[in-house]
Amino acid sequence: MTETKTRSPEFRLAAGAIGGLRQDLFHDVFAYRPLGPLGTDGPVIRRLPRPLRARAVWFPHAVVAAVALIALLDGVFTANEYSPFGIVTLITAFLPVATLLMTLIRPLLAFWVSILSTPVVAVVGSGDWPWQVSAFICHLGVLVVVAARTRPRTAGWMWLATLVVGSLLGNIGPGFSNTAPMAVTSAFALLVVAMVQVRREAEREVTVQRTVTAVERDRRTLLEERTTIARELHDVVAHHMSVVAIQAEAAPYRVENPPPELEQAFATIRENAVAALTELRRVLGVVRAEDYEAPDAPQPTLAELDRLLDNVRETGLRTEKTVTGAVRELPQGVELSAYRIVQEALSNTLRHAPGATAQVEIGYVLGGLGVRVVNGPPRGLVKPSPGAGHGITGMRERVAMLNGEMTAGPTGDGGYEVAVFLPVPSERERTEDGGRA
């Protein structure tokens, strides 16, 4: 029987550290990762004039090139003081500069080239030990650029590797060692880069969470609106189906000596109505909460629109109603949706345009019903209340369920307009649809 050995916390910590080191500094060392330009939507670049934005996106590349040029000039002048231009100048001046420029395309490889070339440059060159001024600048630039292009944990490993190499060279080198200045300077620079990265990552996470929250909120609002519509339609359809069942049951008693075929036809109608009502309640019952209570009063229609406008006027909103076309009775679902749309549009006016006036237009046309609610700009000292646009979402959902059309948007004078068309089939079309059904 094999005995399972439990790893100690120290062993797991060491194994995790080695795994992190291998992942950060040894994995994909030769990967080709060119540094792309900055985005034009940044907080600084977007404030620049348009002609400068195309050049400002290359700002990091320009900074690296400028630092490399300064280090190159210093390295060439320092090398020429001790020997003529030759192999020494190439190693002590051009090698560190080439390593710094390499960070723009292969960042991890640039770091390892800088670390491994440090003793070579220190031995061949003359001056400070182990980093001359140009090598000091280039290696510090390599650390900063690579840290900015990776993650904070990689910056810690690079700083530790630099400290180990500098300490080893400082113990075997002549005279004073500038390992301590390199350690302090690089630690401060890497700390700043890590803080910027952490803040940027936090802002990115906040943006993602806000986006997810907004999407979930809109989805929840849409589901709630659909639930409300389903409940209202359930009440409307259930009422009519109940009437059909009752009339079908009572119809044979209104005819003296009805034939058996007629009685059977009415019985079949009643059975189908009861079955449809049962199925409707079963399917739509899932949208009813346990604490939901059916309204005692019938659902509102356009006949009660004047009462709604009177209530709105009592809140201070000046409202006018215009009705065009021949007023006729419409399907209850259309009447209810039109009433709710006007109600929500006026509520939005009260919320977003205090002090404005509103015009409600109802148009009875041949193919359906037109509803238009337009308000002027806000007036007065009361500030508009913020909103998430859920009312517009609910209106669009109602219109979509009736295969209608809707437009909503600001007007030229600073107000807002909601225009809706709800199709209503003619009596002949409804009869033909019922016959085909």
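Residues numbered from 1 in each chain as written. Predicted model: local features only at pLDDT ≥ 70, side-chain atom pairs only at ≥ 80, totals over all residues. Heavy atoms only, no water.

(A) Layout of the overall build of the chain. In terms of regular secondary structure, the chain is built from 13 helices and five strands. For the chain, the proportion of its 437 residues judged to be buried stands at 34%. Considering only residue pairs separated by 6 or more positions, the chain has 73% of its internal contacts joining residues 24 or more positions apart. Total accessible area on the chain stands at roughly 26,800 Å², and carbon and sulfur atoms take up 61% of it. (Helix = DSSP H or I, 4+ residues; strand = E, 2+ residues; numbered from the N terminus. Buried < 20%, exposed > 50% of the residue type's maximum accessible area, 1.4 Å probe, protein only. Contact = heavy atoms within 4.5 Å. Areas by Shrake-Rupley, 256 points an atom, 1.4 Å probe, with all protein chains shown as cover.)

(B) The packing of aromatic side chains, seen in detail. Following the criterion strictly, the structure yields two aromatic pairs and no others. Their ring planes at 40° and their centres at 5.1 Å tell us that Phe26 and Trp112 sit as a pair that is tilted. With Phe26 in helix H1 (residues 9-26) and Trp112 in helix H5 (residues 107-124), this pair connects stretches of sequence that are 86 residues apart. Residue Phe26 is classed as partly exposed on the basis of its relative accessible area, which comes to 47%. (Phe/Tyr/Trp six-rings, centres within 6.5 Å; stacked < 30°, edge-to-face > 60°.)

(C) How the structure looks around a nonpolar patch on the surface. Among the surface-exposed residues, Leu38, Phe59 and Val63 lie close enough to one another that they form a single nonpolar patch of about 270 Å² accessible area. Here Leu38 shows up in the loop between H1 and helix H2 (50-56). (Patch = residues over 30% accessible without salt bridge, like charges linked within 9 Å, V, L, I, M, F, W, Y side chains within 5 Å. Salt bridge = Lys/Arg side-chain N within 4 Å of Asp/Glu carboxyl O.)

(D) Structural view of the pattern of salt bridges. Taken as a whole and judged by the stated rule, the model has eight salt bridges. Across the pair Asp24 and Arg151 runs a salt bridge, and its minimum N-O distance is 2.7 Å. Here the residue Asp24 occupies a position in helix H1, and Arg151 occupies one in the loop between helix H6 (133-149) and helix H7 (152-172), the gap between them amounting to 127 residues. One salt bridge in this structure joins Arg313 and Asp310, with 2.9 Å as the shortest N-O distance.

(E) Local environment of the nonpolar core. Among the nonpolar cores identified, the biggest contains 31 residues, and Leu25, Val97, Leu100, Phe111, Val146, Ala147 and Met158 are the most heavily contacted of them. For this core, the elements supplying multiple residues, two or more each, are helix H3 (59-82), helix H4 (87-102), H5, H6, H7 and helix H8 (179-250). Excluding anything up to four places from it in sequence, Leu100 contacts Val64, Val67, Ala68, Cys138, Gly141 and Val142. Counting residues in hydrophobic clusters, the runner-up holds 29 residues, among them Leu309, Val360, Ile362 and Val371. (Core = buried A, V, L, I, M, F, W, Y, C linked by side-chain atoms within 4.5 Å.)

(F) View of the side chain of Thr154. Mapped onto the fold, Thr154 is located in helix H7. Thr154 has contacts with Asp24 and Leu25, leaving out every residue within four places of it along the chain.

(G) How the structure looks around H7. For H7, with 21 residues, the first-to-last C-alpha span of 31 Å sits near the 30 Å given by 1.5 Å per residue. Turning to H7, its buried residues are Thr154, Ala155, Met158, Ala161, Thr162, Val165, Gly166, Leu169 and Gly170. Viewed along the axis of H7, the buried residues span an arc of 160°, placing them on a single side of the element. Among the exposed residues of H7, those pointing more than 90 degrees away from its buried face are Leu168 and Asn171. (Expected span 1.5 Å × (residues − 1). Arc of directions from axis to C-beta.)

(H) Examining the pairing of strand S5 (residues 416-423) more closely. Both strand S3 (residues 368-375) and S5 contribute to a ladder of eight bridges, which runs antiparallel. From the neighbouring strand, Asn375 faces S5, where its bridge partner is Tyr416. Direction of pairing for strand S4 (residues 405-410) relative to S5: antiparallel, over a ladder of six bridges. Paired with Gly409 across the two strands is Glu417, which belongs to S5. (Pairing = 2+ DSSP bridges.)

The values reported here are purely geometric and, on their own, carry no functional implication.
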